[in-house]
Amino acid sequence: MRIVAEDLTYIYNPASPFAVKALNGVSLTVEEGEFFGIIGHTGSGKSTFVQHLNGLIRLPSSLKKRKRPRGWKNIPPAVLKVGDFDLADPKTDFRALRKSVGMVFQYPEYQLFAETVKEDVAFGLKNFTEKGKAKPTDEEIAAAVKDALHVVGLDEGIAEQSPFDLSGGQRRRVAIAGVIVTRPEVLVLDEPAAGLDPLGKREIMELLHRIHGDWCKTVVIVSHDMDEIAENCTRVAVFSEGRVVRCAPPAELFKDAASLLALGLDIPLTAKLTLALEKRGISIDCDYTMKDFVRRVLARKGGGQ
Amino acid sequence: MKEVAFGQYYPVDSFVHRLDPRFKIVFLIGFIVAIFVASNFYGLAVCASVLIAAIAFSRVPFGKIVRAVRGVLFLVIFTALINILFHGGDTVYWSYGILCVSKEGILFSAYLVIRLVLLVVCSSLLTYTTTPVALTDGIESLLTPLKWIRFPVHALALVMSIALRMIPILMDETERIKNAQKARGADFESGNLFKRVKAFIPVLVPLLLSAFRRADELGDAMDARCYNGGHRTKYKKLRFSWRDLVGALLGAALITGVVLLRVYLGDIV
């Protein structure tokens, strides 16, 4: 599903002294099949934007007049489409949308609640039964849960355990399994690797690559970790003060390291090394993944594999 | 983030905001006493005009005040109806069985409604114009005499300020967990009461867990900073100023006035 946003604006606590303009005319397109990255400072509107994608935050035009918050009058009409869902239209079936757009929040392990891993993972599956259709049988549920646990790299054996007996990294994977179990077409993750050790981070990114493609066609991640972005994303949008200031593939984006640094953002290690080498008169033209960087440095050195 | 009208600070700078919180609490108590002492509409009118002046000086928008009343609207209407129907009296307009609408009943219920509204508005004005921190500081300071009987005033104040501090955090957390479960298809809005209560289990369990986790972490953090509840200094010292003197005079005048009105004009019915 293709995601198209035009002129998206959002204000928290409108018409009060606490009013904050979180989004200020965001326009962005994510093509189907992308591994899309969103970066930006805290408070730049990243999280607010991604919460729009499955209708957790609704466009004012999709709400009944009575329910529209005050202070929205001067906001131009926005466009937001996810596949065939028109999120500006009040008649959209938001439950169906949420089934198609999976959302993994920050620290998702804190949303686990059931007595066993199996039940927790099956929660979404049971909720999203369409009206008029038969409920999934226990065997179907068990099979789906097994598949989901398998793809996030967990052993089937833990299905009967309490989620609270697991380690932090395992719990996070259970939480991700609980979202992807319904096979959403788009998977949105807010800081999926935050707070994990380097190995845990790598494992999460590996599992996202396993999910991307067969399970979920499109993946959108919000991240602070530039290495993660450089290694994994097809394209990256840079948010700043509620706007998209740049949108480009990482290889292009990190070439202009200065403008990212000016925004107060970090750059990946490979970009830092490239800059350091440049100062010494060595120019390396890589796509900023570690693999490509090493290969090109070695090639320049002559010989080396 | 949802808004809670009752007890939310409205951040502007005004005469009322700058008053000493201790004074505001004492004034509130005095004001409530005055409302109950007032036995006729003249007394209530004096109270109401003082309150309206206070609202005007506080620069809190009128809509906010109305919203506070809306929270107890059901109670107000209920009280009014019961009293109109059951109060009884001499000048009867309409009666049916034990129900009876009389002039006295209408007047009395109007009197009760005004009292109720005044009570709600004056206490919400306190919370609109005083930060929770200032409020607990004020209460702590006012309770100091209890230290003589070894009452742990400081601990009580700390518990209060931690509880107040945690309310917005837990509210944010609830919203976040609710969103996360909504994204997994949870439905909080439809179904009968039983179904809706059940739908909240996936929110309540993680919320309770996180409350306990936060309490644990906070306790550890306080331990790590060697907190022992001993004598501590304050970042913001409370000081009486000329504003409080003006307010105190006004308060004294108010109570005297209301008492005089009660003595000279008598009861309403």
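No experiment lies behind these values; they were computed from the predicted model shown. (Residues numbered from 1 in each chain as written. Chains lettered and ligands numbered in written order. Predicted model: local features only at pLDDT ≥ 70, side-chain atom pairs only at ≥ 80, totals over all residues. Heavy atoms only, no water.)

**Q** Kindly report on unusual backbone geometry, identifying the contributing residues and their values.
**A** You will see that Glu241(A), though not glycine, has its phi angle at about 50°, which is positive. Inspection of the secondary structure assignment puts Glu241(A) in the loop between strand E9 (235-240) and strand E10 (243-248). The phi dihedral of Arg150(B) is positive, around 65°, even though this residue is not glycine. Relative to the helices and strands, Arg150(B) resides in the loop between helix H7 (132-143) and helix H8 (153-183). Classification of Arg150(B) by relative accessible area gives exposed; the value is 78%. (Helix = DSSP H or I, 4+ residues; strand = E, 2+ residues; numbered from the N terminus. Buried < 20%, exposed > 50% of the residue type's maximum accessible area, 1.4 Å probe, protein only.)

**Q** Quick one: what's the story with the sheet that holds strand E5 (residues 85-86) of chain A, residue by residue and with numbers?
**A** Residues and elements named next belong to chain A. In space, the 4 strands of this open sheet follow the order E2-E1-E4-E5, with antiparallel pairing throughout. Across the chains shown, the open sheet's two edge strands, defined by having one partner strand only, are strand E2 (20-30) and E5. Here strand E4 (residues 79-82) runs beside E5; their pairing, made up of 2 bridges, is antiparallel. Bridging from a neighbouring strand, lysine 81 pairs with aspartate 86 of E5. Packing of helix H1 (residues 46-53) onto the sheet brings it into contact with strand E1 (3-12), E2 and E4, and relative to E1 it is tilted by some 120°. (Pairing = 2+ DSSP bridges. Contact = heavy atoms within 4.5 Å. Axes fitted to C-alpha atoms, helices over the stretch in contact; angles between N-to-C directions.)

**Q** Lay out the pattern of salt bridges in plain terms, naming residues and giving numbers.
**A** Under the criterion given, the structure shown has 19 salt bridges over all chains. In this structure, Lys217(A) engages Glu185(A) in a salt bridge whose closest nitrogen and oxygen atoms are separated by 3.9 Å. Residue Lys217(A) is found in the loop between helix H6 (198-211) and strand E8 (218-222), and its partner Glu185(A) is found in the loop between helix H5 (168-180) and strand E7 (186-190); the two are separated by 32 residues along the sequence. Note that Glu217(B) and Arg213(B) form a salt bridge whose closest N and O atoms lie 4.0 Å from each other. On the criterion of helical spacing, the pair formed by Glu217(B) and Arg213(B) is a turn pair, its members being 4 residues apart in helix H10 (residues 201-224). Overlapping salt bridges bring together Asp292(A), Arg295(A) and Arg296(A) as one network. (Salt bridge = Lys/Arg side-chain N within 4 Å of Asp/Glu carboxyl O.)

**Q** Tell me about the domain arrangement of chain A, and please be specific about residues and values.
**A** Residues and elements named next belong to chain A. When cut into domains, chain A gives domain 1 (3-267) and domain 2 (268-305). Centre-to-centre separation of domain 1 and domain 2, based on C-alpha positions: 33 Å. For the salt bridge of lysine 272 with aspartate 266, the shortest nitrogen-to-oxygen distance reads 3.5 Å. Seen at the junction of domain 1 and domain 2, the total is 4 residue pairs in polar contact (both at pLDDT 80 or more). (Domains from an automatic or database assignment. Polar contact = N/O pair within 3.5 Å; in protein donor to acceptor, adjacent residues only side chain to side chain.)

**Q** Summarise the sheet that holds E8(A); cite the residues concerned and give the values.
**A** All names here are of chain A. Strand order in this open sheet of 6 strands is E6-E7-E8-E3-E9-E10, and the pairing throughout is mixed. In this open sheet, the two strands that pair with only one neighbour each are strand E6 (101-104) and E10. In this sheet, neighbouring strand axes are inclined to one another by 15° on average, regardless of whether the strands run parallel or antiparallel.

**Q** Give a description of the packing of aromatic side chains that names residues and reports values.
**A** Applying the stated rule across the entire model yields 13 aromatic pairs over all chains. Both rings, one in Phe254(A) and one in Tyr288(A), keep their centres 6.0 Å apart while their planes meet at 75°; by these two values the pair is edge-to-face. With Phe254(A) in the loop between helix H8 (250-253) and helix H9 (257-262) and Tyr288(A) in the loop between helix H10 (269-279) and helix H11 (290-301), the pair connects residues that are 34 residues apart, well separated along the chain. Both residues of the pair, Phe254(A) and Tyr288(A), belong to the buried class. Consider the rings of Phe188(B) and Phe200(B), whose centres lie 5.1 Å apart with planes at 40°: the pair is tilted. With a gap of 12 residues between them, Phe188(B) in the loop between H8 and helix H9 (193-199) and Phe200(B) in the loop between H9 and H10 connect regions that are remote in the sequence. The exposure class assigned to Phe188(B) is buried, which follows from its relative accessible area of 6%. Just above the ring of Phe94(A) sits the side chain of Arg58(A); from NZ or CZ to the centre is 3.7 Å. (Phe/Tyr/Trp six-rings, centres within 6.5 Å; stacked < 30°, edge-to-face > 60°. Lys NZ or Arg CZ within 6 Å of the ring centre and 35° of its normal.)

**Q** Describe the interface of chain B and chain A, listing the residues and the values that go with them.
**A** The interface is formed by 20 residues belonging to chain B together with 23 residues belonging to chain A. When chain B packs against chain A, the two sides together hide about 2,000 Å² of surface, and 60% of this comes from carbon and sulfur. Together, Asn179(B), Ala183(B) and Arg184(B) form the three largest contributors to the area buried by chain B at its contact with chain A, with a combined 33%. Remark: the boundary between chain B and chain A carries 1 salt bridge. Between Arg184(B) and Asp120(A) there is a salt bridge, with its nearest N and O atoms 3.0 Å apart. Taken together, chain B and chain A are joined by 5 residue pairs in polar contact (both at pLDDT 80 or more). Among the secondary structure elements, those contributing two or more residues to the side of chain B that touches chain A are H8 and H10 of chain B. Among the elements that take part in the side of chain B that touches chain A, H8(B) stands out by supplying 6 residues, more than any other. Of the residues that constitute the side of chain B that touches chain A, the class distribution is 12 nonpolar, 3 polar and 5 charged. (Buried area = accessible area lost by both parts, 1.4 Å probe. Nonpolar A, V, L, I, M, F, W, Y, C, P; charged D, E, K, R; others polar.)

**Q** Quick rundown of H5(A)? Include the residues and the values.
**A** All names here are of chain A. Compared with an ideal rise of 1.5 Å per residue, which puts 13 residues at 18 Å, H5 spans 19 Å between its outermost C-alpha atoms and is within 8% of the ideal. For H5, the full list of buried residues reads Arg172, Arg173, Val174, Ala175, Ile176, Ala177, Gly178, Val179 and Ile180. Among the structural elements, E6, helix H3 (117-127), helix H4 (138-151), E7 and H6 are those in contact with the buried residues of H5. (Expected span 1.5 Å × (residues − 1).)

**Q** Before we move on, could you go through the packing of H7(B) against H8(B) and cite the residues and values that matter?
**A** Residues and elements named next belong to chain B. The geometry of H7 relative to H8 is characterised by a closest axis approach of 9 Å and an angle of 165° between their N-to-C directions. With respect to H8, the element H7 is oriented roughly antiparallel. By crossing handedness, the relation of H7 to H8 is classed as right-handed. For the pair H7 and H8, the contacting residues are Pro132, Thr136, Ile139, Glu140 and Leu143 in the first and Val153, His154, Leu156, Ala157, Met160, Ser161 and Leu164 in the second. (Parallel < 35°, antiparallel > 145°, perpendicular 65-115°, else oblique. Left-handed = near helix turned anticlockwise from the far one by under 90°.)

**Q** Talk me through the nonpolar core; I want residue IDs and the actual numbers.
**A** Grouped burial of nonpolar side chains is what soluble globular proteins tend to show. Within the largest apolar cluster, 56 residues are counted, with the highest numbers of intra-cluster contacts made by Leu187(A), Leu208(A) and Ile211(A). Counting residues domain by domain, this core receives three or more from each of domain 1 (3-267) and domain 2 (268-305) of chain A. Excluding anything up to four places from it in sequence, Leu208(A) contacts Phe35(A), Leu187(A), Leu189(A), Pro192(A) and Ile221(A). Met1(A), Met103(A), Phe239(A) and Ala180(B) belong to the second-largest nonpolar core, a separate cluster that totals 36 residues. (Core = buried A, V, L, I, M, F, W, Y, C linked by side-chain atoms within 4.5 Å.)

**Q** Provide a residue-level description of the environment of Lys272(A), including the pertinent values.
**A** Residue and element names in this part refer to chain A. Tracing the backbone through its elements, the reader meets lysine 272 in helix H10. Each C-alpha atom, one on lysine 272 and one on glutamine 51, is 32 Å from the other, the two residues being 221 residues apart in sequence. Residue contacts for lysine 272: discarding those within four places in its chain leaves Asp266 and Ile267.

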